[in-house]
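# A structural walkthrough
What follows is the residue order along each chain.
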Amino acid sequence: MTSQSNTPIKTVSCPTCGTPVSWTPESRYRPFCSERCKLIDLGQWADESYRVPTSPPDELGE
Ligand SMILES: [Zn+2]
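Residues numbered from 1 in each chain as written. Predicted model: local features only at pLDDT ≥ 70, side-chain atom pairs only at ≥ 80, totals over all residues. Heavy atoms only, no water.

Named according to an unreviewed UniProt entry, the protein chain is DNA gyrase inhibitor YacG originating from Craterilacuibacter sinensis. Heading Sequence similarities (unreviewed entry) of the UniProt record for the protein chain holds this comment: "Belongs to the DNA gyrase inhibitor YacG family." (UniProt positions renumbered as here; feature names shortened; annotations may be inferred.)

Around the zinc ion, the protein contributes the donor atoms Cys 14 (SG), Cys 17 (SG), Cys 33 (SG) and Cys 37 (SG), which lie 2.3 Å from the metal centre. Taken together, the four donor atoms surrounding the zinc ion define angles of 104 to 118° at the centre, an arrangement classified as tetrahedral. Here the donor residues for the zinc ion map to a single chain with the spacing C-x2-C-x15-C-x3-C. (Donors = N, O, S within 2.8 Å, 3.2 Å for Na, K, Ca; no water. Tetrahedral: all angles 85-135°; square planar, octahedral: opposite > 155°, others 65-115°.)

Moving on: the UniProt feature "binding site: Zn(2+)" (unreviewed entry) in the protein chain. Residues given the UniProt feature "binding site: Zn(2+)" (unreviewed entry) here are Cys 14, Cys 17, Cys 33 and Cys 37. A maximum C-alpha distance of 8.2 Å is found for the annotated residues, which run over 24 residues; spatially they form one tight group. Structurally, Cys 17 is set in the loop between strand E1 (11-13) and strand E2 (20-22). Considering the arrangement of structural elements, one finds Cys 37 in helix H1 (residues 35-42). Here Cys 37 falls in the buried class, since its relative accessible area comes to 7%. Not counting residues within four places of it along the chain, the set of residues in contact with Cys 37 comprises Cys 14, Thr 16, Cys 17 and Phe 32. (Helix = DSSP H or I, 4+ residues; strand = E, 2+ residues; numbered from the N terminus. Buried < 20%, exposed > 50% of the residue type's maximum accessible area, 1.4 Å probe, protein only. Contact = heavy atoms within 4.5 Å.)

In structure tokens, the structure reads:
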């Protein structure tokens, strides 16, 4: 048998956007594809960049 150096790389899907992510030490944000997706999942950026649009209360006649 010849020694092979190519080890099978496990691939996972990003929980946030579904992008295939190689499960390697280089993928520092795994199982997320990027820091962005990681933050989205954690909800850490929700307050800053994603505000729930609140419609101003309609001032109806009394
Ligand atoms: Zn992603």
